[in-house]
Amino acid sequence: MSRAQHEWLLYLYAESPLHAGAADASGVIDLPIQREAGTGYPVVWGQSLKGALRQAARDGSWDHEVVEAVFGSDPPSFGRGDGNSGRDQGTSTAGLLSVGDAQLVALPVPTLQETFAWVTSDIALSRLARKHLALPEGVRPRLVPPERTQTGVALAADERWCGDSRDEVLGPLVVPLAQKPDPHVAAWARRIAEDAIGATEEFKPFADKLRKDLLVVDDGVMPDLNRDCTELVARVQLNSGKTVEQGPFYSEYLPAETLLAASLTLRGSDLSDLYADELRDLLHGRQIQVGGDETIGKGLVWCRLVGADRQEGEGTA
Amino acid sequence: MTRSVWLAFTPRDSLFIRDGRAFDAGADNAARAVWPNPSTLAGAVGAALGGEPDEVRGPVLARRSRGGRWTPYFPVPADIVAVPDSGEVARLRPGKAPEGSATDLGDAVPCWLDAAGKAGTGQSWGGWLPGEELRRYLAGELVAPVARAGDVECLRETPVQSEPHVGLARTDEHTARPGFLYQAAHLRMADGWGFLAECVVSDGWDVEPRQSVPFGGRGRLAWVEVAGSVRWPQPPQRTGPHTFPDGRIALYVATPALWHDGWRPPLPDGAKLVAAAVPDAEPVATAKPGRGGARPTDRMLRWAVPAGSVYCLKFADAAAASAWALGDAGRPRVHGTAYGREPADRLRTAGFGVVLTGVWT
């Protein structure tokens, strides 16, 4: 029986718009999504993702003891029992699973050709490369962010985005594109397509599209796309007479097709191999629900675990 | 025999480090994270090395270059103040208290600090100095006694932002659990920033840290790496008996200090405390990790002297000051070590009260 620590990279591939709600309203947006304080990049906080994974485990009929061992104890039952809010302090456990923030890998951005492209950035790829470092040696991709020689010029994975003096509309911006495809971007596109989307028949068209339609913009362009290429939805609440009772209020969503990635660490224990198998079955290739507005179909994401199903040596790009 | 190894910790996500004050989901609805304190870092070091080194000294804020070189940053000394509307900064000097004035400190400090006639000073400048600039400060060369603010290489913005997170417990029926909505402010470090810790280990210890370890609460993790070529800012150059002219030593507090006498450090034999610049005390929590993943126990909240505090000490002569600060045949140096507690005290070995020595005029 092994007490080994397990490290995975969890990809989230949005099937429907995703609303992981932030703490406060932001400007005209009543219900903004979670963003990093320093960069403004969209994120799903580790605590929110861990809650979603815990819910998936409950819905997957895991034994209560296993849920508690992996995800930790429920919050103290304040108000339900004897009123002593601190009574659980000595017996509650933190859980074996550490869930990192799900950071943005690539954002679907409207374009004039091919409907949309996945756009990523130097920062996003650098972070993904850093997350790879946590993976076991045998499944660790060895990719580095592409070298940028011209400020403001987007790099493309495929030649259909390239040409002499080529500009492309990316959401609200017109961005110049490099003359030739970048082999590093192409390698990243292949890796992300395989890791995040997979090769099954249902997903193959999108994996093929990602291999061709991945663009890398620099850190001067990406903040604008992060701000302007999310979805804003106005909603109202009707009364029984079908007139507006409250609203409108505006909710922000990460669009469908968004790709995010989070590091998962399962601490070693006598049963860690068993728990690792349970997590793999729960998540790899499965759909879960993350964030709010569950009852109106939001927040459905496909999960894939890197480090879960590949043999040693396959991860090298 | 022992040797020194520096480890660097780079948070993988946002940080959530508590100050030890109680927070119960369901009873309280807001919490905020604090700057990692020495015990936080010592715990991470223990996890990284698989055991406790003889001593840990940190945390030190640091930036990693693309080439992997770490530059330490230290809080601007509290005796450097901004001169309003002048674009200048001044270093406070001990001086006589104004006629007829009194303090509630009694005779603990005989002198007040003023800024050589620069009326209106008194606002701590704040910010962070890279190690080389702090070395110049210790040598009395950085702000002597006034300088243009632009001539001092100072990081004005802390590379950490507060990031409010909301949390909500849910029932098995996918509904919100009443009373379990809360807000917690995490800390988000800018890319490329982390914390350094000097680890004093036995010579025979083969230091191979784990790749990532828990750092603070909420299962947050940090990358770990060995940081080569890092060291504490050097003390003033030893030039015979004149390293500390007239026995004057500015004692700079590099990590939060927990001294037996509150804000006042224990004074070495023959030394007097002339003046002090000590900002507001900061809360520090310590706790023992629970067994088998259980939550921490034996929590303790204390109030610490913050990093950046400065004490002006006066020894009998330069030789006595130098022997105390830099060590001699019979005594270890004080510069770059945790000061004020017994060698085996865990608050010392965890890194509380690391001090650096410089000059004052």
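Residues numbered from 1 in each chain as written. Chains lettered and ligands numbered in written order. Predicted model: local features only at pLDDT ≥ 70, side-chain atom pairs only at ≥ 80, totals over all residues. Heavy atoms only, no water.

Enquirer: Tell me about the nonpolar core, residues and numbers included.
Expert: L49(A) and L53(A) are the most contacted members of the largest nonpolar core, which totals 57 residues. Beyond its immediate sequence surroundings of up to four residues, L53(A) is in contact with L10(A), F71(A), L97(A), V99(A), L264(A), L282(A), L283(A) and I288(A). Counting residues in each nonpolar core, the second largest holds 40 residues, with F195(B), A222(B), V224(B) and F352(B) among its members. (Core = buried A, V, L, I, M, F, W, Y, C linked by side-chain atoms within 4.5 Å. Buried < 20%, exposed > 50% of the residue type's maximum accessible area, 1.4 Å probe, protein only. Contact = heavy atoms within 4.5 Å.)

Enquirer: Report on the interface of chain A and chain B, specifying residues and quantitative values.
Expert: At the interface, 46 residues of chain A touch 38 residues of chain B. Remark: the boundary between chain A and chain B carries five salt bridges. R188(B) is the salt-bridge partner of D101(A), the closest N and O atoms lying 2.9 Å from each other. Along the contact surface separating chain A from chain B lie 13 residue pairs in polar contact (both at pLDDT 80 or more). When residues of the side of chain A that touches chain B are traced back to their parent elements, those giving at least two are α1 (46–59), β3 (97–99), α3 (122–132) and β12 (259–266) of chain A. At five residues, α1(A) tops the list of elements feeding residues into the side of chain A that touches chain B. By residue class, the composition of the side of chain A that touches chain B is 13 nonpolar, 18 polar and 15 charged. (Salt bridge = Lys/Arg side-chain N within 4 Å of Asp/Glu carboxyl O. Polar contact = N/O pair within 3.5 Å; in protein donor to acceptor, adjacent residues only side chain to side chain. Helix = DSSP H or I, 4+ residues; strand = E, 2+ residues; numbered from the N terminus. Nonpolar A, V, L, I, M, F, W, Y, C, P; charged D, E, K, R; others polar.)

Enquirer: So, the packing of aromatic side chains: which residues are in play, and what are the values?
Expert: Here the distance between the centres and the angle between the planes together describe a pair of aromatic rings. Using the criterion set out here, one finds 15 aromatic pairs over all chains in the structure. Judged by centre distance (6.0 Å) and plane angle (40 degrees), the rings of W62(A) and F71(A) are tilted. Classification of W62(A) by relative accessible area gives buried; the value is 12%. According to the relative accessible area criterion, F71(A) is buried, its value standing at 2%. Above the ring of Y253(A), the side-chain terminus of K298(A) is found at 5.0 Å from the ring centroid. Over the ring of W360(B) we find R248(B); its NZ or CZ atom is 5.5 Å from the centre of that ring. (Phe/Tyr/Trp six-rings, centres within 6.5 Å; stacked < 30°, edge-to-face > 60°. Lys NZ or Arg CZ within 6 Å of the ring centre and 35° of its normal.)

Enquirer: Report on the sheet that holds strand β18 (residues 272–277) of chain B, specifying residues and quantitative values.
Expert: Residues and elements named next belong to chain B. A sheet is described by the order of its strands in space; here five strands give the open sequence β18-β21-β17-β23-β22, paired in antiparallel fashion. In this open sheet, the two strands that pair with only one neighbour each are β18 and β22 (337–338). In this structure, strand β17 (residues 248–253) lies alongside strand β21 (residues 310–314), joined through five bridges in antiparallel fashion. Residue pairing for β21: R248 is matched across the bridge by K314. Relative to strand β23 (residues 354–358), helix α2 (residues 131–138) is tilted by about 55 degrees, and along the sheet it contacts β17, β21 and β23. Strand contacts of helix α3 (residues 318–326): β17, β21 and β23, with the helix running at about 25 degrees to β17, the strand carrying the most contacts. (Pairing = 2+ DSSP bridges. Axes fitted to C-alpha atoms, helices over the stretch in contact; angles between N-to-C directions.)

Enquirer: I'd love a proper account of the confidence of the model for chain A, names of residues and values included.
Expert: All names here are of chain A. Looking at chain A as a whole, the pLDDT averages 87, with 91% of positions reaching at least 70. Confidence drops under pLDDT 50 across residues 78–90; counting only partners more than four residues distant or on other chains, this segment forms 20 contacts. Low pLDDT (under 50) marks residues 309–317, which in the prediction has 24 contacts with non-local residues, meaning those over four places away or in another chain. (pLDDT = per-residue confidence, 0-100.)

Enquirer: Run through the pairing of strand β9 (residues 214–217) of chain A, naming residues and quoting values.
Expert: Residue and element names in this part refer to chain A. Neither face of β9 is open: one carries L214 and V216, the other L215 and V217, and all of them are buried. Inspection of the sheet shows strand β5 (residues 116–121) paired to β9 by four bridges, in the parallel sense. Residue pairing in the sheet places T120 in a bridge with V216 of β9. Sheet analysis places strand β6 (residues 155–156) next to β9, joined by two bridges and oriented antiparallel. Across the sheet, the residue bridging to A156 is L215, located in β9.

Enquirer: Run through a nonpolar patch on the surface, naming residues and quoting values.
Expert: Residues and elements named next belong to chain A. There is a patch of nonpolar side chains on the surface, built from V236, L238 and V244 and spanning about 260 Å² of accessible area. Following the sequence through the fold, V236 ends up in strand β10 (residues 231–238). Exposure remark for V236: the relative accessible area of 42% places this residue in the partly exposed category. (Patch = residues over 30% accessible without salt bridge, like charges linked within 9 Å, V, L, I, M, F, W, Y side chains within 5 Å. Areas by Shrake-Rupley, 256 points an atom, 1.4 Å probe, with all protein chains shown as cover.)

Enquirer: Break down α2(B) for me, citing the residues and quoting the values.
Expert: Residues and elements named next belong to chain B. Of all the positions in α2, only G131, E133, L134, Y137 and L138 are classed as buried. Down the axis, α2 shows its buried residues gathered within 160 degrees of arc, on one side only. Remark: G140 follows α2 within two positions and exhibits a positive phi of approximately 80 degrees. (Arc of directions from axis to C-beta.)

Enquirer: Give a detailed account of the sheet that holds strand β16 (residues 221–226) of chain B, specifying residues and quantitative values.
Expert: All names here are of chain B. Taking strand neighbours across the sheet as the criterion, the seven strands line up as β10-β4-β3-β14-β1-β16-β15 in an open arrangement whose pairing is antiparallel. Among the strands making up the open sheet, the edge pair consists of β10 (128–130) and β15 (212–214). Adjacent strand axes in the sheet meet at a mean angle of 40 degrees when their direction is disregarded. Direction of pairing for strand β3 (residues 55–64) relative to strand β14 (residues 193–202): antiparallel, over a ladder of seven bridges. Among the inter-strand pairings, R63 is bridged to a residue of β14, identified as W193. Relative to the sheet, helix α1 (residues 38–49) contacts β1 (2–11), β3, β14, β15 and β16, its axis offset from that of β1 by approximately 105 degrees.

Enquirer: Account for the side chain of S263(A), naming residues and giving values.
Expert: Mapped onto the fold, S263(A) is located in strand β12. Take S263(A): its relative accessible area is 6%, and that puts it in the buried class. Only 3.1 Å separates the side chain of S263(A) from the side chain of R12(B), close enough to count as a polar contact. Beyond its immediate chain neighbours, meaning those up to four positions away, S263(A) contacts W8(A), S98(A), V99(A), G100(A), K131(A) and R12(B).

Enquirer: Tell me what's going on with unusual backbone geometry, and back it up with residues and numbers.
Expert: In terms of backbone geometry, most residues other than glycine have negative phi values and most peptide bonds are trans. Here the bond from G247(A) into P248(A) is cis, since omega is 5 degrees, no more than 30 degrees from zero. Turning to its location among the elements, P248(A) is positioned in strand β11 (residues 244–253). The peptide bond linking A144(B) to P145(B) adopts the cis configuration, its omega dihedral lying at -15 degrees. Its location among the elements puts P145(B) in the loop between α2 and β11 (146–148). Notably, D85(B) is not glycine yet its phi reads approximately 60 degrees, a positive angle. We classify D85(B) as exposed; its relative accessible area is 87%.

Enquirer: Hey, could you go over the pattern of salt bridges for me, with residue numbers and the actual values?
Expert: Inspection of the entire model under this criterion finds 35 salt bridges over all chains. In this structure, the salt-bridge partner of R35(A) is E252(A), at a minimum N-O distance of 2.8 Å. Note that R35(A) is positioned in the loop between β1 (6–14) and β2 (43–44) and E252(A) in strand β11, a separation of 217 residues in sequence. On the basis of relative accessibility, which here comes to 23%, the residue R35(A) falls in the partly exposed class. Overall, the relative accessible area of 3% leaves E252(A) in the buried class. Here R136(B) ties to E133(B) by a salt bridge, and the two come within 2.9 Å at their closest N and O atoms. In this pair, R136(B) and E133(B) both sit in helix α2, three residues apart, roughly one turn of the helix.

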